[in-house]
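Structural characterization, general
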There are 2 protein chains.
Amino acid sequence: MIRQEYKEMLNGKSVIRELFTFATERGKEIGYDNVFDYSLGNPSVPTPAYFNECMIDMLKNEDPVKLHGYSPSLGIPEVRATIADSLNRRFGMNYTMEHIFMTTGAAGAVAHAVRCVTKPGDTVLTFAPFFPEYKPYINMTGAVLKVVPANTENFQINFEKFEEMFDENVTAVLVNTPNNPTGATYSAATLKKLADFLYDKQKEYGHDIFLISDEPYREIVFNGADAPYVSKFYDNSLSCYSYSKSLSLPGERIGYVAANPKCTDAPLIAAICSQISRGTGHNCPPSIIQLAVAKCVDMTSDLSVYETNMEILYKELVSLGFEVVKPGGTFYIFPKALEDDAVAFCEKAKKYDLVLVPSDSFGCPGYFRMAYCVQTEKVERSLEALRKFVKNEYR
Amino acid sequence: MIRQEYKEMLNGKSVIRELFTFATERGKEIGYDNVFDYSLGNPSVPTPAYFNECMIDMLKNEDPVKLHGYSPSLGIPEVRATIADSLNRRFGMNYTMEHIFMTTGAAGAVAHAVRCVTKPGDTVLTFAPFFPEYKPYINMTGAVLKVVPANTENFQINFEKFEEMFDENVTAVLVNTPNNPTGATYSAATLKKLADFLYDKQKEYGHDIFLISDEPYREIVFNGADAPYVSKFYDNSLSCYSYSKSLSLPGERIGYVAANPKCTDAPLIAAICSQISRGTGHNCPPSIIQLAVAKCVDMTSDLSVYETNMEILYKELVSLGFEVVKPGGTFYIFPKALEDDAVAFCEKAKKYDLVLVPSDSFGCPGYFRMAYCVQTEKVERSLEALRKFVKNEYR
């Protein structure tokens, strides 16, 4: 009596997970330090010591009945207010508590945001290459995910294809900047052009089109730059955030949806998300984790290692002749494979203990992703393996 | 563009929440200590000190990258294995890790379990009086909740009505024992009769019928008794548990689904739940909370206060002439109101600073719920108010 659709989902194995399993098994043979595992996007730097100190302080000094007590399903009011203030300070927004809905990470944020502003049968457009988990997040709401082909020149938006695919069934557009898997950061020009286009289409079709912005990598931006804040460009924006990467807390599942105060039904979005969460049994993130991130709201882990690693890898990849767009942020890089079949390319790389992810599941075949959230020392050691791999297999 | 169905959910205000708001406001006038607030089912005793000690120990001594790292979406393997072992020891079951799916409390557990074994249009039967949140949990899966009228004699199952309402569209039956709001604990005889009936119906209709057992109050049982373990009686059972009440952690959102090893597709249930959780963005409960409850798996808070409070209230209610079934567990009691309109009855009680919940939203009009998870001293002080209320309004 198990629903057939779920059984079928089980068969769609995650390529990334399988590669991670390979890396773990190989690690048992030769020591994990000798496996150049670029498969998983798991932060490699610790959370700020202050986060743990805050947790310990609360556990020691707060009334446990209150500390571990129910959070309202929208999140703890003080936490939501603190987040609103921080966003206002940093991005010149005008959020209040009522625009913030606390979630279990960006996954929960995107799943709730999509469900909130689409109905079954609607089209949600996203841009290749894209995070493959968008498929379950969107398909289980009943909306239909369609993927705009990549702009492989610079991994900004392929506006030509986007305009071709746009029709009146589109009620939401999902962007991810800085981007997993390319590391591309949308420029202000890209976001301006996107916003203008969506404003035109709203007018043309006479209905709202929401821009859902998945931004767990917002704080991992290189060259001392800031990523433009998506919601500044377009009123009907829902920002989906996670502390997984910025505070290195992926396991603690904490993030939020921030509804632009100028969006349609702005005062209702968080409340509606909380109704959705009743139905999914999500309810609210853990109280103590909400309280602890609120205390660290303007902090990040030491994220500099990611830029260091990127520079090392980018330089080597270029010198080996790879076609590669230099990442503007994240801890990913997305070079073109040295043969058309990226799966075969990544399979061959395994012989050199290089674990690379072929790009097929990201909707952009012929490329591969390296997640360089690893120790810099290991990145440096991997270069020799990379050189050998290219020389032996492709020269 | 917000979905209309969610906007409508917003209008269905929670009676319990409104009463709690009344209690809070009234508390500002006369001191919350003087408001006899029996509205909310929020544990009044602290979590065991050991829980907080384990949290602190991990925060101080574990590698933070590992501690706060991703949990697999089914839950951390060691945690699942520890829970399986504990259930086997305590209830003579044969669970292994693969039968346990970690969730954000019983809410997440019930929502996932229902979605796993029903399809849109199926009927799910539950028994009045019932926890009103079952409606969103079930209706958002597309299945249809139908409520069997109460057996008001003892709040066991009304088998006559149950058999009348049963048809081949029923694919799941949802029970809650010990029960919110009545405090009734299903006897072994009730569970045996239920199981026999369901086995017969499975044979008659030729399809599985799952018994979904919501048991967050499993450890709050009076008279030194144990609540019979539902899954022992019926193979196609999914047990939905939460540590909210037993460890006084309602805000930390942690629980599980345990699939009976003999149920249909037993090795797949947890895996299927994890596919569902991908779609809802639930993904997995926080790592550190999983790890901490696993260390406290055979412990509870000091739950004895609930039985003390129950005895005091039960005695007084009986002596005041209330019709009331003595609770076998939980921290609820469910007497018959002194007039047919329980809403009017509870409204009058407010004048005496007694906050009682009318039973209408539980599907059993004419009764009221008292949540006696409050300090015993306050319960004792409330008796005078209760006496005055009855004398002035109904004598």
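Before reading on, note that the structure itself is shown above.
Predicted model only: the values in this text are computed from it and were never measured. The residue numbering used here restarts from 1 in each chain and proceeds along that chain's sequence as written. Lettering of chains starts at A and numbering of ligands starts at 1, both following the order in which they are written. Local features are withheld for residues below a pLDDT of 70 in this predicted model, meaning they are given only at 70 or higher, and side-chain atom pairs are given and counted only at 80 or more; totals for whole chains, interfaces and linings count all residues. Only heavy atoms go into the side-chain values, all of them from the structure, while hydrogens and water stay out.

All names here are of chain B. Only the stretch in contact is used when fitting a helix axis, every axis being a line fitted to C-alpha atoms; angles between N-to-C directions are given from 0 to 180 degrees. Secondary structure elements follow DSSP: runs of H or I no shorter than four residues count as helices, runs of E no shorter than two count as strands, and numbering proceeds from the N terminus. Two elements in contact, helix α13 (residues 342-350) and helix α14 (residues 376-394), have axes whose closest approach is 10 Å; the angle formed by their N-to-C orientations is 120°. By the criterion of interaxial angle, the relationship of α13 to α14 is oblique. Considering how the two elements wind past one another, α13 and α14 form a crossing that is right-handed. Along the contact surface, α13 presents Phe345, Lys348 and Ala349, while α14 presents Phe389, Glu393 and Tyr394. For this classification, Asp, Glu, Lys and Arg are treated as charged, while Ala, Val, Leu, Ile, Met, Phe, Trp, Tyr, Cys and Pro are nonpolar and the rest, including Gly, are polar. Looking at the contact of α13 with α14 residue by residue, the class counts come to four nonpolar, no polar and two charged. Each angle gets one of four labels, with under 35 degrees taken as roughly parallel, over 145 as roughly antiparallel, 65 to 115 as roughly perpendicular, and the rest as oblique. Here a crossing is taken to be left-handed if its near helix is turned anticlockwise relative to the far helix by less than a right angle, and right-handed if that turn runs clockwise. Residue contacts are counted whenever heavy atoms from the two residues lie within 4.5 Å of one another.

To continue, consider the sheet that holds strand β3 (residues 123-127) of chain B. Note: strands within a sheet are paired through backbone hydrogen bonds, in either parallel or antiparallel orientation. Residues and elements named next belong to chain B. A sheet is described by the order of its strands in space; here seven strands give the open sequence β2-β8-β7-β6-β5-β3-β4, paired in mixed fashion. Both outer strands of the open sheet, β2 (100-103) and β4 (144-148), are each paired with one neighbouring strand and no more. Neighbour to neighbour, the strand axes of the sheet diverge by 20° on average, direction disregarded. A pair of strands is labelled paired if DSSP reports no fewer than 2 bridges between them. Pairing between β3 and strand β5 (residues 170-176): four bridges, direction parallel.

Residue and element names in this part refer to chain B. In spatial order, the strands read β9-β12-β11; together these three strands make up an open sheet with antiparallel pairing. Each edge of the open sheet carries a strand with a single partner, namely β9 (332-333) and β11 (357-358). The sheet contact formed by β11 and strand β12 (residues 368-371) spans two bridges and is antiparallel. Bridge pairing in β12 links Pro358 to Phe368.

By convention, interface size is frequently given as the accessible area that disappears when the constituent parts associate. Taken together, the contacts link 73 residues of chain B with 73 residues of chain A. Note on definitions: salt bridges are taken to be side-chain nitrogens of Lys or Arg within 4 Å of carboxyl oxygens of Asp or Glu. Here chain B is connected to chain A by four salt bridges. When the shortest N-O distance is used, the salt bridge between Glu133 of chain B and Arg278 of chain A registers 2.9 Å. Definition of a polar contact: a pair of N or O atoms within 3.5 Å, with one able to donate and the other able to accept a hydrogen when the atoms are protein atoms, and with sequence-neighbouring residues admitted only if both atoms are side-chain atoms. Remark: the boundary between chain B and chain A carries 23 residue pairs in polar contact (both at pLDDT 80 or more).

Our next topic: unusual backbone geometry. Cis geometry is adopted by the peptide bond preceding Pro178 of chain A, which originates at Thr177 of chain A and carries an omega value of -10°. In this structure, Pro178 of chain A sits in the loop between β5 (170-176) and α9 (188-205). A cis amide bond links Ala128 of chain B with the next residue in sequence, Pro129 of chain B, at an omega value of -10°. One non-glycine residue, Thr330 of chain A, lies in positive phi territory at about 70°. Looking at the element boundaries, Thr330 of chain A is found in the loop between α12 (304-319) and β9 (332-333). Each residue is assigned to one of three classes by its accessible area relative to the maximum for its type, calculated with a 1.4 Å probe on protein chains only: buried under 20%, partly exposed between the two thresholds, exposed over 50%. For Thr330 of chain A, a relative accessible area of 0% translates into the label buried.

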